[in-house]
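# Observations on the model geometry
Okay, here's what each chain looks like letter by letter:
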Amino acid sequence: QVQLVESGGGLVQPGGSLRLSCAASGSISNINVMGWYRQAPGKERELVATITSARVTNYAYFVKGRFTISRDDVKNTVHLQMNSLKSEDTAVYYCHTLAGGYNYWGQGTQVTVSS
């Protein structure tokens, strides 16, 4: 079992920045890839970014150049630095990992971009 707890969401104006964090606990020795997904109202959940234990990163085209994913394996955390935020980035952001063949999700954190 892996537990994921997100933090850092909130309300920000267009063009602003937020930093999301996700703390992992439990059976984390099997974790390789960690990532962030998001789900806007009325839309399907979509991949935002992933990072492997070797620090190989992958970004959705709509966040490239604006978002940066990073991880700290000592603290068992993964972060998402979000810059130049747009109204269309408004969504619930979920932390995700695949460990031992199982998908694990955090509870989600709301990000609202509005003036």
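Whatever comes next refers back to the structure up there.
Notes on the structure follow. (Residues numbered from 1 in each chain as written. Predicted model: local features only at pLDDT ≥ 70, side-chain atom pairs only at ≥ 80, totals over all residues. Heavy atoms only, no water.)

Before going further, it helps to examine the environment of Leu 47. Positionally, Leu 47 belongs in strand 5 (residues 46-51). With 13 residues separating them along the chain, Leu 47 and Ala 60 place their C-alpha atoms 6.5 Å apart. (Helix = DSSP H or I, 4+ residues; strand = E, 2+ residues; numbered from the N terminus.)

Before going further, it helps to spend a moment on the pairing of strand 10 (residues 102-105). Bridge count for strand 9 (residues 91-99) against strand 10 is four bridges, and the pairing is antiparallel. Of the residues in strand 10, the one forming a bridge with His 96 is Trp 105. Once strand 9 ends, the chain turns through two residues before running back antiparallel as strand 10, passing Gly 100 with a positive phi of about 60°. (Pairing = 2+ DSSP bridges.)

Moving on: the sheet that holds strand 1 (residues 2-7). Pairing is antiparallel in the open sheet, where four strands are placed in the order 1-3-8-7. Each of the sheet's edge strands pairs with one partner strand only, and the pair in question is strand 1 and strand 7 (67-72). If you compare each strand with its neighbour and ignore which way they point, the axes differ by 15° on average. Of the strand pairs in this sheet, strand 1 and strand 3 (residues 18-26) are connected by six bridges, and their pairing is antiparallel. (Axes fitted to C-alpha atoms, helices over the stretch in contact; angles between N-to-C directions.)

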